Amino acid sequence: MVEPIFRTLEVVARLAVLATATQISYGGVENIPASGGAVIAINHTSYVDFLPAALAVHRRGRRLRFMIKAEMQQVKIVNFLIKHTGTIPVDRGAGAGAYAVAVQRLREGELVGVYPEATISRSFELKEFKTGAARMAIEADVPIIPVIVWGAHRIWTKDHPRNLGRAKVPIKVQAGTPVPAAEDIARTDAALRESMTGLLHHVQEDYPHEPGAYWTPRRLGGGAPTMAEAAQMEADEAAARAVGRSGRPSR
């Protein structure tokens, strides 16, 4: 399929990687199917981890259709790209429509990118998973390909300044063996989490972490919040948003 806008984005992405001297290494790319539908489940630590994941898929001659929050359609250039790249907008208040579109794309043989954690993990560990990836895979009868992106959080993540210059940040992308969709959502979700946890720890073993650095998980001697601390930060944010919407403290 000829997609000139998507093709242009692929060229721009590669040029951006070269311009910033970002060092991306790929592993397990052969696990991404060369044809047919699959859910690509990606961990979420950064605002830019979609790019290394998409480049990994591109190495297999495929294109990744991401699901993105519908609010981004309010940004004209983003809305233009959504319309011309097969991106699937998700209305968080009514996600059934986007879910149906994603399942249809999977049945048509597309690769659909999903963040099972839904939002960025401040601890840089795997948060609790939403069940969307498992449900889509079961309904479309396609496998889930677990993908770990590690290092992109050093470029741009929550609570820290962007580092978009020529920083030469090493990034690792590791795709795991396909997780088959079981009949049971909980079993499929548990299998996916087990696979992604193993991949994450494997990738971290060979990555040069800095003791005390904000981007290094506490488990590895870094300064990132623990999972409990990160969860409390999210709860505080949610409470603040509720106060902002109502104009009075939430009960």
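Residues numbered from 1 in each chain as written. Predicted model: local features only at pLDDT ≥ 70, side-chain atom pairs only at ≥ 80, totals over all residues. Heavy atoms only, no water.

Chemist: Can you help me understand the environment of A228 in this one?
Modeler: With respect to the helices and strands, the residue A228 is situated in helix α7 (residues 227-246). Sequence separation between A228 and S123 is 105 residues; the distance between their C-alpha atoms is 8.6 Å. (Helix = DSSP H or I, 4+ residues; strand = E, 2+ residues; numbered from the N terminus.)

Chemist: Please clarify how the pairing of strand β7 (residues 170-175) should be interpreted in this entry.
Modeler: On a regular strand, one side chain projects to one face of the sheet and the next to the other, so that they alternate. Bridge count for strand β1 (residues 23-27) against β7 is 5 bridges, and the pairing is parallel. Within β7, the position partnered with Y26 by the bridge is V173. For strand β6 (residues 144-150) and β7, the ladder comprises 4 bridges, and the chain directions are antiparallel. Following the sheet pairing, W150 is matched in β7 by K172. (Pairing = 2+ DSSP bridges.)

Chemist: Which parts of the structure should I look at to understand the packing of helix α4 (residues 96-107) against helix α5 (residues 132-140)?
Modeler: For any two helices packed against each other, one specifies the crossing angle of their axes together with the interaxial distance. Running from N to C, α4 and α5 point in directions that differ by 50°, and their axes come no closer than 9 Å. Here α5 runs oblique to α4, going by the angle between their axes. Between α4 and α5 the crossing geometry is right-handed. Of the residues in α5, those touching α4 at Y99, A102, V103, L106 and R107 are G132, R135, M136, E139 and A140. Of the residues belonging to the contact of α4 with α5, the class tally is 6 nonpolar, 1 polar and 3 charged. (Axes fitted to C-alpha atoms, helices over the stretch in contact; angles between N-to-C directions. Parallel < 35°, antiparallel > 145°, perpendicular 65-115°, else oblique. Left-handed = near helix turned anticlockwise from the far one by under 90°. Contact = heavy atoms within 4.5 Å. Nonpolar A, V, L, I, M, F, W, Y, C, P; charged D, E, K, R; others polar.)

Chemist: What exactly am I supposed to notice about the packing of aromatic side chains here?
Modeler: How two aromatic rings sit relative to each other is set out by the distance from centre to centre and by the angle between their planes. In this structure the tally under the stated criterion is 4 aromatic pairs. Judged by centre distance (5.0 Å) and plane angle (50°), the rings of Y47 and W156 are tilted. On the criterion of sequence distance, the pair formed by Y47 in the loop between β2 (38-42) and α2 (50-58) and W156 in the loop between β6 and β7 is long-range, its members being 109 residues apart. On the basis of an interplanar angle of 80° and a centroid distance of 6.1 Å, the ring pair of Y207 and W215 is categorised as edge-to-face. An aromatic cluster is present here, built from F50, F66 and Y115 joined pairwise through their rings. One residue, R193, lies across the ring of F129, its end atom 5.0 Å from the ring centre. (Phe/Tyr/Trp six-rings, centres within 6.5 Å; stacked < 30°, edge-to-face > 60°. Lys NZ or Arg CZ within 6 Å of the ring centre and 35° of its normal.)

Chemist: Quick question: what am I supposed to make of a nonpolar patch on the surface here?
Modeler: A cluster of nonpolar side chains, V11, L15 and L18, forms an exposed patch at the surface whose accessible area comes to about 280 Å². Within the secondary structure, V11 is located in helix α1 (residues 4-19). Exposure remark for V11: the relative accessible area of 32% places this residue in the partly exposed category. (Patch = residues over 30% accessible without salt bridge, like charges linked within 9 Å, V, L, I, M, F, W, Y side chains within 5 Å. Areas by Shrake-Rupley, 256 points an atom, 1.4 Å probe, with all protein chains shown as cover. Salt bridge = Lys/Arg side-chain N within 4 Å of Asp/Glu carboxyl O. Buried < 20%, exposed > 50% of the residue type's maximum accessible area, 1.4 Å probe, protein only.)

Chemist: For this particular structure, what's the right way to read the side chain of Q174?
Modeler: Among the structural elements, Q174 can be located in strand β7. Residue contacts for Q174: discarding those within four places in its chain leaves G27, G28, P146, V147, I148, L199 and V203.

Chemist: So what exactly am I meant to see when it comes to α4 here?
Modeler: The α-helix advances 3.6 residues per turn, and as a result positions three or four apart in sequence lie on the same side. The first and last C-alpha atoms of α4 sit 17 Å apart over 12 residues, in line with the 16 Å expected at 1.5 Å per residue. All buried positions along α4 are accounted for by A98, Y99, A102, V103 and L106. Projected down its long axis, α4 shows its buried positions confined to an angular sector of 140°, all on one face. Where α4 is buried, its residues touch β2, β3 (64-69), β4 (88-90), β5 (111-114) and α5. In the segment just after α4, G109 is the residue with positive phi, at about 95°. (Expected span 1.5 Å × (residues − 1). Arc of directions from axis to C-beta.)

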